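Chain by chain, the residues:
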Amino acid sequence: IRCRARAELSSGINAEYGVQHCCGLEDFQPKPDHYDLVWVQWVIIYLSDFDFIELLKRFKKSLKKDGYIVVKDNITNKGCEMDEDDSSVTRSDYQLKQIFKRAGLELVVDTVQRHFPRELYKVKYYALR
């Protein structure tokens, strides 16, 4: 699957975007002092707390001086919810903020996505540095 993904990401319109990293997030090693913005959207549900914290620490080192990390994901109202079908975990706002703190990140702003269907999880954005 990774070989096929790498081939797809390297061809056509995707080739315009430069370097693609084809690996699991728990193994990703970004370049230090390289990025203005790291955008993490709807993937943290597949990481353990430990792997998520370690990834955030690596992302923090990869930021340029005034860079940001933005995390966008579903949140629960309280506690975490496990999905046995896809082995994902959806965390609460409180849990995510504790993870950000443990990763040594400052929460600059957080906001709820507006106009999202009420029957689905609430979605929040967190800007961190």
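If you're wondering where the values come from, they're calculated on a predicted model, not measured in any experiment.

**Student:** What's the story with helix H3 (residues 93–102) in this structure? I'm lost.
**Tutor:** Residues that lie three or four places apart on an α-helix share one face, since the helix turns once every 3.6 residues. Buried residues of H3: Leu 96, Ile 99 and Phe 100, and no others. The buried residues of H3 occupy one face: seen down the axis, they fall within an arc of 100°. H3 presents Tyr 94, Lys 101 and Arg 102 as exposed residues on the side facing more than 90 degrees away from its buried surface. Buried residues along H3 sit in contact with helix H2 (49–62), strand E2 (63–75) and strand E6 (122–128). Two residues or fewer after H3 comes Gly 104, characterised by a positive phi angle close to 80°.

**Student:** Even after reading the chapter, I still don't get the side chain of Arg 58, so can you show me in this structure?
**Tutor:** Its location among the elements puts Arg 58 in helix H2. Buried Arg 58, no salt bridge; nearest opposite-charge side chain is Glu 54, N-O distance 5.1 Å. Aside from chain neighbours lying at most four places away, what touches Arg 58 is Leu 25, Glu 26, Asp 27, Phe 28, Gln 29 and Pro 30.

**Student:** Looking at this model, I keep getting lost on the confidence of the model for the chain. Mind explaining?
**Tutor:** Detailed reading of the predicted coordinates is not advisable wherever pLDDT is low. Of all residues in the chain, 86% have pLDDT values of 70 or greater, and the mean over the chain is 90. Ranking the elements of the chain by mean pLDDT puts helix H1 (residues 2–9) last with 64 and H3 first with 98.

**Student:** For this particular structure, what's the right way to read the environment of Lys 31?
**Tutor:** Examined against the element boundaries, Lys 31 turns out to sit in the loop between H1 and strand E1 (35–41). The class of Lys 31 is exposed, set by a relative accessible area of 52%. Expressed as a C-alpha distance, the spacing of Lys 31 and Arg 58, which sit 27 residues apart in the sequence, is 8.8 Å.

**Student:** Hey, could you run me through the sheet that holds E1 in this one?
**Tutor:** Across a sheet, paired strands are connected by hydrogen bonds in the backbone, their directions being either parallel or antiparallel. Read across the open sheet, the four strands follow the order E1-E2-E6-E5; overall the sheet is mixed. Sheet topology places E1 and strand E5 (107–112) at the edges, where each strand pairs with a single neighbour. Sheet twist, expressed as the average angle between the axes of neighbouring strands with direction ignored, equals 15°. The pairing of E5 with E6 spans five bridges and is classified as antiparallel. Within E6, the residue paired with Asp 110 across the bridge is Tyr 126. Its contacts with the sheet put H2 on E1 and E2, and the angle it makes with E2 is roughly 150°. Across the face of the sheet, H3 comes into contact with E2, E5 and E6 while running at roughly 20° to E6.

Parameters and conventions
Residues numbered from 1 in each chain as written. Predicted model: local features only at pLDDT ≥ 70, side-chain atom pairs only at ≥ 80, totals over all residues. Heavy atoms only, no water. Buried < 20%, exposed > 50% of the residue type's maximum accessible area, 1.4 Å probe, protein only. Helix = DSSP H or I, 4+ residues; strand = E, 2+ residues; numbered from the N terminus. Arc of directions from axis to C-beta. Contact = heavy atoms within 4.5 Å. Lys, Arg positive; Asp, Glu negative; His and termini not counted. Salt bridge = Lys/Arg side-chain N within 4 Å of Asp/Glu carboxyl O. pLDDT = per-residue confidence, 0-100. Pairing = 2+ DSSP bridges. Axes fitted to C-alpha atoms, helices over the stretch in contact; angles between N-to-C directions.

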